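Spelled out from the first residue to the last, the chains are:
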Amino acid sequence: MAIRTLDGRRFADMVLQGAQHLSNNAKSVDALNVFPVPDGDTGTNMNLSMTSGAKEVKNHISDHIGNVAGALAKGLLMGARGNSGVILSQLFRGFAKAIEGALTINSVEFAAALEAGVTTAYKAVMKPVEGTILTVAKDAAKRAVAVAKKQTDIVIVMEEAVKEAKASLQRTPDLLPVLKEVGVVDSGGQGLVYVYEGFLAGLKGENVEGLKAASLSMQELINTEHHKSAQSHIHTDEIEFGYCTEFMVRFEEEKLRQSPFSEETFRKELSQFGDSLLVVADDELVKVHIHAEHPGEVLTYGQRYGSLLNIKIENMREQHAHIVNEAASAVPKTARQKQPYGIIVISMGDGIADLFKSIGAHAVIEGGQTMNPSTEDIVTAIESVYAETVFVLPNNKNIIMAAEQAASVVGNRVIVVPTKTIPQGLSALLAFNPSASPEQNEKAMAAALSQVRTGQVTFAVRDTAIDGIEIAKGDYMGIADGKIAVSEKDKLQAAKKLLDELLSEDAEILTILYGEEATEEEVQELVDYIEATYTDIEVEAHNGKQPLYPFIFSVE
């Protein structure tokens, strides 16, 4: 049956089926991680992100496709995890913007929205890389636009988009040499294909459970080639603005004609009323959270754009007094000024978290290798530190985009220092000077990244060959600054060879962070080896308690 107009309910079915199909195949996407490390989480991140979007859609199903697409974009934005999740959220943010206000759309408008999503996603990435999810999305959208010029049936347009997405996915190894070397296609691109396959099933009124289990072909490919409730934490001894104010504004056309809505302007204007500002807008409404001293002024400003909904105002000073009386908590009665700086780090392992706190981190978000925090997790942490300027250290290359997206959501001044490893995060934090300006600190912390080398020891989850190194499942790999340098059957042998790779003549300090799978005896053997082999190196060892990585080395 031909479908020439797409409404909100059918699009909602597409989204729900797309999310389900991705969920069904998330492990297959994880298996496509280029490095055979036990933290290949592209599928997990995309699944959690898409699930957040689908949940928002399920709560806002209507005939109006613009509204449903807006709900998808909103859910994806706040649930985005990892680079793949952020890019996915931007694809559908652009899609939603292209059709906002539309009750239904035709094939040309559908294809144009896909293309608008691609444009938005490319703009969100500082240095777009071809051979990734971006390429797959771009090629699929381009094909959809071409077909829609001649074909009014949206089913055919989607079929052709899926077909081209699959073809583009198979071409990704030709664009990224590392994919060809390992013998896999791009994991993010594969995740998007699953989403689009689910879209097609939903468009046809089918259920993804009836689709052929694509995970089998992914596993065959691999075998052939060998291979954590987001609420603002109120520091009650720091209350400068006494009322926690939350409300929504449902836009009204008459008011918007008099006062056109701009999310950026709205956020800027509200910031004068208080702090801890969070603004999330879609096509139908804007949601606001702010700590204000005069909430009535905030509500009056919001009414310029529409009617107020779900107003919630809490007297934080009263709450504080109640907590003191109930729990006999010794909290100062006078309010402190907002602190000039706050520092947030992301890490896994209680020992590493304690280490970060001991050298100045104000908040530590649990996350990293196996579970990337969402945009909302990072927003909540930014809200909690109560500072004029907040520095965020992601300490993982797959968290940087989510951190940057969180920074764009909140009203506070947020600086993301692009730390990709725990050692880089420690080095950046040690370079922080509370007496310096934000600009000076940003420059100093960024410069510190090049002064440290990172080594990691972990185990292989499959057979593979990469950079000329044969790796068997279960082998211990030594990774030097993101590149696999050694592979050994023995954990300590791998660690020693990795250290030989990392320790140059200029090296002065070696810090060993040992994890859950390392013993005190193994750590001592490594220390003895360093002291005997590299007599000028100062060695420190800390129990990081991190999972998956028995050893993390920091060389300065």
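Parameters and conventions
- Residues numbered from 1 in each chain as written.
- Predicted model: local features only at pLDDT ≥ 70, side-chain atom pairs only at ≥ 80, totals over all residues.
- Heavy atoms only, no water.
- Core = buried A, V, L, I, M, F, W, Y, C linked by side-chain atoms within 4.5 Å.
- Buried < 20%, exposed > 50% of the residue type's maximum accessible area, 1.4 Å probe, protein only.
- Helix = DSSP H or I, 4+ residues; strand = E, 2+ residues; numbered from the N terminus.
- Contact = heavy atoms within 4.5 Å.
- Pairing = 2+ DSSP bridges.
- Axes fitted to C-alpha atoms, helices over the stretch in contact; angles between N-to-C directions.
- Phe/Tyr/Trp six-rings, centres within 6.5 Å; stacked < 30°, edge-to-face > 60°.
- Expected span 1.5 Å × (residues − 1).
- Polar contact = N/O pair within 3.5 Å; in protein donor to acceptor, adjacent residues only side chain to side chain.
- Salt bridge = Lys/Arg side-chain N within 4 Å of Asp/Glu carboxyl O.
- Parallel < 35°, antiparallel > 145°, perpendicular 65-115°, else oblique.
- Left-handed = near helix turned anticlockwise from the far one by under 90°.
- Nonpolar A, V, L, I, M, F, W, Y, C, P; charged D, E, K, R; others polar.
- Patch = residues over 30% accessible without salt bridge, like charges linked within 9 Å, V, L, I, M, F, W, Y side chains within 5 Å.
- Areas by Shrake-Rupley, 256 points an atom, 1.4 Å probe, with all protein chains shown as cover.
- Lys, Arg positive; Asp, Glu negative; His and termini not counted.
- Charge placed at Lys NZ, Arg CZ, Asp CG, Glu CD.

1. Here we look at the nonpolar core
Here is step 1 of the chain: In terms of nonpolar packing, the biggest core is built from 102 residues, with Phe11 and Tyr196 touching the most fellow members.
Here is step 2 of the chain: Counting residues per element, this core draws most heavily on helix α7 (residues 133-148), which supplies ten residues.
Here is step 3 of the chain: Not counting residues up to four positions away in its chain, the partners in contact with Phe11 are Leu6, Ile65, Val68, Ala69, Leu72, Phe95 and Phe199.

2. Let's talk about the sheet that holds strand β12 (residues 476-480)
Here is step 1 of the chain: Ordered by their spatial adjacency, six strands build an open sheet running β13-β12-β9-β16-β14-β15, and the pairing between neighbours is mixed. Taken across any chain shown, the strands that pair with only one partner, and hence form the sheet edges, are β13 (483-488) and β15 (538-543). Looking at each pair of strands side by side, their axes are set apart by 20° on average, direction ignored.
Here is step 2 of the chain: Contacts from helix α21 (residues 491-502) reach β9 (453-459), β12, β13, β14 (509-514) and β16 (551-555) within the one sheet, and its direction differs from that of β9 by about 160°.

3. A closer look at the packing of aromatic side chains
Here is step 1 of the chain: In total, this model carries 17 aromatic pairs according to the counting rule given.
Here is step 2 of the chain: Relative to Phe110, the ring of Phe95 has its centre 6.0 Å away and its plane inclined at 80°; by these criteria the two rings are edge-to-face. With Phe95 in helix α5 (residues 82-99) and Phe110 in helix α6 (residues 107-124), the pair connects residues that are 15 residues apart, well separated along the chain.
Here is step 3 of the chain: An angle of 15° between the planes, with centres 5.9 Å apart, marks the rings of Phe551 and Phe553 as stacked.
Here is step 4 of the chain: What makes Phe551 buried here is its relative accessible area of 0%.

4. Let's talk about the side chain of Ser84
Here is step 1 of the chain: Inspection of the secondary structure puts Ser84 in helix α5.
Here is step 2 of the chain: In this structure Ser84 comes out as buried when scored by relative accessible area, which is 7%.

5. Brief notes about the environment of Thr120
Here is step 1 of the chain: Among the structural elements, Thr120 can be located in helix α6.
Here is step 2 of the chain: Spatially, the C-alpha atom of Thr120 lies 7.4 Å from that of Arg93, the residues being 27 residues apart in sequence.
Here is step 3 of the chain: Among all residues touching Thr120, those that are not within four sequence positions of it are Gln90 and Gly94.

6. Focus on α6
Because the α-helix completes a turn every 3.6 residues, residues three or four places apart line up on one side.
Here is step 1 of the chain: End to end, α6 covers 26 Å across 18 residues, agreeing with the expected 26 Å (1.5 Å per residue, within 8%).
Here is step 2 of the chain: Buried within α6 we find Ser107, Phe110, Ala111, Ala113, Leu114, Gly117, Val118, Ala121 and Tyr122.
Here is step 3 of the chain: Residues of α6 that are buried in the fold lie against α1 (8-24), α5, α7, α8 (154-175) and α10 (187-203).
Here is step 4 of the chain: The N-terminus of α6 is capped by Asn106, whose side-chain oxygen sits 3.1 Å from the backbone nitrogen of Val108.

7. With respect to the pattern of salt bridges
Here is step 1 of the chain: Counting across every chain of the model gives 18 salt bridges.
Here is step 2 of the chain: One salt bridge in this structure joins Asp139 and Arg171, with 3.2 Å as the shortest N-O distance. Highlighted residues: Asp139 in helix α7 and Arg171 in helix α8, separated in sequence by 32 residues.
Here is step 3 of the chain: A relative accessible area of 17% means that Asp139 is categorised as buried.
Here is step 4 of the chain: On the accessibility criterion, Arg171 (34% relative accessible area) is partly exposed.
Here is step 5 of the chain: In this structure, Glu488 engages Lys497 in a salt bridge whose closest nitrogen and oxygen atoms are separated by 2.6 Å.
Here is step 6 of the chain: Ionic contacts of the salt-bridge type, sharing partners, join the residues Asp139, Glu164 and Arg171 into one network.

8. Brief notes about the packing of helix α16 (residues 350-358) against helix α19 (residues 422-430)
Here is step 1 of the chain: Relative to each other, α16 and α19 sit at 15°, their axes nearing to 10 Å. Here α19 runs roughly parallel to α16, going by the angle between their axes. When you trace α16 past α19, the crossing you get is left-handed. Taking contact as the criterion, the partners of Ile352, Leu355 and Phe356 in α16 are, on α19, Ile422, Gly425, Leu426 and Leu429.
Here is step 2 of the chain: Tallied by class, the residues present in the contact of α16 with α19 amount to six nonpolar, one polar and no charged.

9. Describing a negative patch on the surface
Here is step 1 of the chain: The grouping of Glu505, Asp506, Glu508, Glu538, Glu540 and Glu556 at the surface amounts to a negative patch.
Here is step 2 of the chain: Looking at where Glu508 falls in the secondary structure, it is placed in the loop between α21 and β14.
Here is step 3 of the chain: Residue Glu508 is classed as exposed on the basis of its relative accessible area, which comes to 53%.

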